[in-house]
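What follows is each chain in one-letter form.
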Amino acid sequence: MKLSKKPEKRGNLVRRTEKDKIKKETEPLILKEHSYKDPEVLEMSWKAFSKPGERIACLSGIAYANNGFRAALIKIAAEICAAEGVHFITVDAHAIDEKALKERIKKETAGFKKEEKEAVTKRVLKDAMKSFAAFLPKIKKPHDPRKTKNPAAELEFIRWYFIPCSIFDGKYGEEILRILQLERKEDIRQSKTGGDRSEVKNINQIVWFLNPPKSRLASRYYSAKPERDIEEKRKQTSQSMPDLWVHAGFASNIHVPSGLRAEPYVTIPALRRLEESYAVENQVGFTIIEFQDKDHYSVKSWSFKDLVARERSFITGITLGANEVHKRVVEAIKIHGPLTTGLLVDKTGIERERIEKEIKFLKEEEPSSRKTWPGFCYNESSQRYDFHLQWIQERLRYPSLPEKLMENFLLFEGCPHIGYTTTDYEHFIKERPKIILKNGVKIWSVLGDFIAGLHHDLMCSGEIFGQMNNTEQEELAADFYATVIYKVFLERFGKWLKGKNVARVSAEELTSAVKESLLIFLYIPGNHDLWQERDGNTPLTTFRYRLLANLVYHLGKMLADMKFPAISLDRIVNKKIIGFPDYEAKYVLSSGLILGMMHPQMGRTQTTTIRAQHAMEAMGMSGCQITGIANFHTAAVVHEWNSALGQCVVVQAGTQVIYTRFEKRKMKGGVDFGPILLKVWSYDKRIVATENAFFNKPMLKAPIRKSTDPDQLRKDLGVLTINF
């Protein structure tokens, strides 16, 4: 069908020149046909693909057509997916920005008759699909070297699953994705709008991907919107609940375990430059969820906001023949963004007349085709000069992530409450060393409440066993922690010792090996520990002396039995066991990142991330990129980016008790159990990626007897002790 614009009307007469008629016959649509390159094909190694476990990459908020769209972010995310060996990729919510598409369609259909607009709209959508597809890499599945090569199998690709969102992608986004799926059947799938259930192969786990069904009022707290959407879906659906919820659409990055909540959930960052706020939009990046088995999974997230924040610095070219004035003008706009002529005068110190004359040399009507230079454009309405946005969106490339990143692997826990009848002592002794060794943990951070204490009539009510006083509780706690530290030491020291001749090991070599094999143990007191201050006692004094003495004794005995030379064990151990006051606890990690620790003396709230976000704000003012907090018996891992510190993360640790009478009587619903693993990769004191996992399956099913003998408990569990 040939289309034409509505003719120009003047009064009752229709005037159209012969030239206009010819133009309409030969060019029926305003929209031009564009040609696009084929999508890039990335290779994935068999080694990466065949690693144990199942890996799902979770992306969101690409927002094609939005001003924040960045092809460079899709490329770097796809490259990481290939390197990590993901098995499929989901794009949950806001792959396409319907609001921006509507503006484009409105512009392209202006002047056309009503019956012609539908055809123009289809043409716009198809062109948008082709453009979007060109920026979406294909990731080739690797060949299994154990099998004979199959030519058909060589053309298999990792699949992209798109889950549209009604309030962000809308009907136009859905239509683009539908066309895209027809064009790229080999690697594109379109899932149900609003969310979809996915079974993780070989693990027998169900993940329910969810996105917001409607707009909601903004909230300061990252957990408010996902929890509201999840609760509404739980009540609405007749299907069984998943093993994990994944919520997307609002550019946050939190992970909340099961325990207090029936099922855990994860939220996904946005993969675009954040140009507007739909809620508390903060996170730029993406996430990979890795399932090791039915009971264990981890969440690894990359932060790209540092890249986006300095993306103009990656523009390295300039118009050929540029002089010093041109270079200074370009540098000013790189640093400060779009500038008027007057502001360019202020930023560069160059005379106005000179700038007005020279800047014309940098202007280009269309974005440059060069890889390093976009060209300048001038916005008449704002009277500002800037780089061509389309070039930044489509052609700008970010540098690859540094090959050598600093690593810090930490284990956080809070509220072990040694002395309670509901503390899981067996889990502590048996599982804690395994977690530390398997994950290469070097730093163990315990965030207070080592003991149950004696206030609130805990002894009289039978909530602590053995009629233990504060001193005895601290001694038992010290023995438990000494046992775990010693078990980890034996394993690591044994690996160092393998193949060595003990007689030839010098004191210096031994000292270095002992230091490397010992955990760094960081701790602060909690309110249960601090209750003793009311009686004039310093909390955790007995704990520290007992822990040091226990470790020095057993380490010394082991080394002496093996005929090693004598070394200063007490000095080594003393430097590895580091205590802080609860109100001022900061530790500088080997990467230069700063770890802060807190035990706020306040209760939990209904909103999951309130305490974590408040702690991040408080510790961020002290320069801490990583913060550990406890006291609420609830757990969460929360990320937030700020310009001064970059990506920051708070680990809110739960407890080692399976419940307390106090919380049950307050109708608090339960507790989040177990320690939390946090792995951090950083470069130049800025966090690049984090990985976190919860170990929240207790072994204890019911309280132990209040008549339990502490010495018998030590004996039954193989806990180290020492007799003075």
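Keep in mind that this is a model prediction, so the values were computed, not measured.

1. Looking at the sheet that holds strand 20 (residues 520-523)
An order of 8-7-5-4-14-15-28-27-18-19-20-21 is seen for the twelve strands of this open sheet, with the pairing classed as mixed. Each edge of the open sheet carries a strand with a single partner, namely strand 8 (188-190) and strand 21 (577-579). Taken pair by pair, the neighbouring strands of this sheet meet at an average axis angle of 20°, ignoring direction. Alignment of strand 5 (residues 88-92) against strand 7 (residues 159-163), held across five bridges, turns out to be parallel. For Ile89, the partnering residue across the bridge sits in strand 7 and is Trp160. Packing against the sheet, helix 6 (residues 170-183) makes contact with strand 7 and strand 8, and its axis sits at approximately 140° to strand 8.

2. Quick word on the pairing of strand 18 (residues 406-413)
When you tally the buried positions in strand 18, you get six out of eight residues, the bulk of the element. Here strand 18 runs beside strand 27 (residues 676-683); their pairing, made up of seven bridges, is antiparallel. Its bridge partner being in strand 27, Asn408 is matched across the sheet by Val680. Where strand 18 lies against strand 19 (residues 443-446), four bridges are found, and the strand directions are parallel. Pairing of Phe412 across the sheet is with Ser445, part of strand 19. In the classification by handedness, the crossover that spans strand 18, the intervening helix 13 (residues 425-438) and the parallel strand 19 is right-handed.

3. Details of the packing of helix 14 (residues 470-497) against helix 15 (residues 507-517)
Viewed as axis vectors pointing N to C, helix 14 and helix 15 meet at an angle of 135°, and their least axial separation amounts to 9 Å. Taken together, the axis directions place helix 14 and helix 15 in an arrangement best described as oblique. In the packing of helix 14 onto helix 15, the handedness of the crossing is right-handed. Residues Val488, Phe489, Arg492, Phe493 and Trp496 of helix 14 touch helix 15, and the partners they reach there are Glu509, Leu510, Ala513, Val514 and Ser517.

4. Section: the packing of aromatic side chains
According to the stated counting rule, one finds 36 aromatic pairs in the structure shown. Ring geometry for Trp444 against Phe521: centres 5.4 Å apart, planes inclined by 80°, an arrangement best described as edge-to-face. Of the two residues, Trp444 sits in strand 19 while Phe521 sits in strand 20, which places them 77 residues apart along the sequence. Relative to Phe493, the ring of Phe489 has its centre 5.1 Å away and its plane inclined at 15°; by these criteria the two rings are stacked. Taken together, the residues span about one helical turn, with Phe489 and Phe493 both in helix 14 at a distance of four residues. When its relative accessible area of 0% is taken as the criterion, Phe489 is described as buried. Judged by relative accessible area, Phe493 falls into the buried class, the value being 2%. Through a chain of ring-to-ring contacts, three or more aromatic side chains come together here, namely Tyr425, Phe428, Trp444, Phe450, Phe465, Phe480, Tyr481, Phe521, Tyr523 and Phe543. Over the ring of Trp681 we find Lys300, and its NZ or CZ is 4.3 Å from the ring centre.

5. Some words on the sheet that holds strand 13 (residues 265-267)
Read from one edge to the other, the open sheet built from ten strands follows the order 9-10-11-13-12-25-26-24-23-22, with strand pairing classed as mixed. The strands lining the two open edges of the sheet, one partner per strand, are strand 9 (195-200) and strand 22 (585-588). Ignoring which end each strand starts from, the neighbouring axes of this sheet average 15° apart. Along the sheet, helix 7 (residues 224-236) makes contact with strand 10 (205-210), strand 11 (244-247) and strand 13, crossing strand 11 at roughly 125°.

6. Considering a positive patch on the surface
Positive charge collects at one region of the surface, where Lys37, Lys371, Arg395 and Arg397 lie side by side. Among the secondary structure elements, Lys37 is positioned in the loop between helix 1 (18-26) and strand 3 (41-43). The exposure class assigned to Lys37 is exposed, which follows from its relative accessible area of 73%.

7. Let's talk about helix 3 (residues 71-84)
Residues spaced three or four apart along an α-helix face the same direction, because each turn holds 3.6 residues. Over its 14 residues, helix 3 extends 20 Å from the first C-alpha to the last, a length consistent with the 20 Å expected when each residue adds 1.5 Å. With respect to burial, helix 3 is a largely interior element, twelve of its 14 residues being buried. Listed as buried for helix 3 are Ala71, Ala72, Leu73, Ile74, Lys75, Ile76, Ala77, Ala78, Ile80, Cys81, Ala82 and Glu84. Positive phi shows up at Gly85, right after helix 3, with a value of about 75°.

8. Thoughts on the pattern of salt bridges
Taken as a whole, this structure holds 32 salt bridges when the rule is applied. For Arg352, the salt bridge is made with Glu356, and the minimal N-O distance between the two is 3.2 Å. Here Glu356 and Arg352 lie together in helix 11 (residues 352-358), a separation of four residues that amounts to about one turn. In this structure, a network of salt bridges that share partners links the residues Arg70, Arg273, Glu275 and Glu311.

9. Some remarks on unusual backbone geometry
Despite not being glycine, Gln467 has its phi angle at roughly 50°, a positive value. Checked against the element boundaries, Gln467 lands in the loop between strand 19 and helix 14. Look at Gln467 and you get exposed, because its relative accessible area is 65%. Positive phi outside glycine occurs at Lys563, with the angle close to 70°. Here Lys563 is to be found in the loop between helix 17 (541-561) and helix 18 (569-576).

10. A short note on the nonpolar core
Phe132, Phe162, Phe286 and Phe304 are the most contacted members of the largest nonpolar core, which totals 82 residues. Ranked by residues supplied to this core, first place goes to helix 3 with ten residues. Not counting chain neighbours up to four residues away, the residues in contact with Phe132 comprise Ile62, Tyr64, Ile74, Ala95, Ile96, Phe162, Leu177 and Leu180. Phe493, Phe543, Leu555 and Ala693 belong to the second-largest nonpolar core, a separate cluster that totals 56 residues.

11. Here's the deal with the pairing of strand 4 (residues 54-59)
The element strand 4 is largely enclosed, with a buried count of six among its six residues. Residue alternation in strand 4 divides its side chains into two sets, Glu54, Ile56 and Cys58 and Arg55, Ala57 and Leu59, and both sets are buried. In terms of strand pairing, strand 4 meets strand 14 (residues 285-293) through five bridges, oriented antiparallel. Pairing of Cys58 across the sheet is with Thr287, part of strand 14. As defined by bridge partners, strand 4 adjoins strand 5 across four bridges and the pair is classed as parallel. The residue of strand 5 that forms the bridge with Leu59 is Val91. Crossover handedness for the path strand 4 to helix 3 to strand 5: right-handed.

Quick notes on the rules
- Residue indices begin from 1 for each chain and proceed along its sequence in written order.
- Reporting of local features is limited, given that this is a predicted model, to residues whose pLDDT is at least 70; pairs of side-chain atoms are given and counted only at 80 or more, and all residues count toward the totals for whole chains, interfaces and linings.
- Side-chain numbers here rest on the full set of heavy atoms in the structure, without hydrogens or water.
- The pairing criterion for strands is at least two bridges between them, as found by DSSP.
- Only DSSP runs of H or I reaching four residues or more are called helices, and only runs of E reaching two or more are called strands; each is numbered from the N terminus.
- Axes, fitted as lines to C-alpha atoms, cover a helix only where it is in contact. Angles between the N-to-C directions of the axes lie from 0 to 180 degrees.
- Residue contacts are defined here by distance: any two heavy atoms, one from each residue, within 4.5 Å place the two residues in contact.
- A simple rule labels every residue: compare its accessible area, found with a 1.4 Å probe on the protein chains alone, to the largest value its type can have, and call it buried under 20%, exposed over 50%, or partly exposed in between.
- Handedness is read with the strands pointing away from the viewer; a crossover is right-handed when the path from the first strand over the helix to the second is clockwise.
- For this classification, under 35 degrees means roughly parallel, over 145 means roughly antiparallel, 65 to 115 means roughly perpendicular, and everything else is oblique.
- For any pair of crossing helices, the crossing counts as left-handed if the nearer helix is rotated counterclockwise from the farther one by less than a right angle, and right-handed if it is rotated clockwise.
- For Phe, Tyr and Trp, rings pair up if their centres lie within 6.5 Å, where Trp contributes its six-membered ring, and each pair is then called stacked (planes under 30 degrees apart), edge-to-face (over 60) or tilted (otherwise).
- Only Lys NZ and Arg CZ are tested; either one counts as a charge over a ring when it is within 6 Å of the ring centre and within 35 degrees of the ring normal.
- Like-charged residues are merged into a patch within 9 Å and nonpolar side chains (Val, Leu, Ile, Met, Phe, Trp, Tyr) within 5 Å, provided each residue has over 30% relative accessible area and no salt bridge.
- Note on areas: these come from Shrake-Rupley sampling with a 1.4 Å probe, and a residue is covered only by the protein chains present in the view.
- Think of a salt bridge as a Lys or Arg side-chain nitrogen and an Asp or Glu carboxyl oxygen that are within 4 Å of each other.
- Only four residue types enter the tally: Lys and Arg on the positive side, Asp and Glu on the negative side, with His and both chain ends excluded.
- Note that the charge is assigned to NZ on lysines, CZ on arginines, CG on aspartates and CD on glutamates.
- Helices are assigned an expected span. That span is 1.5 Å times one less than the residue count.
- Working definition of a nonpolar core: buried Ala, Val, Leu, Ile, Met, Phe, Trp, Tyr and Cys residues. They are joined through side-chain atoms within 4.5 Å.

These values are about where atoms sit, not about what they do.
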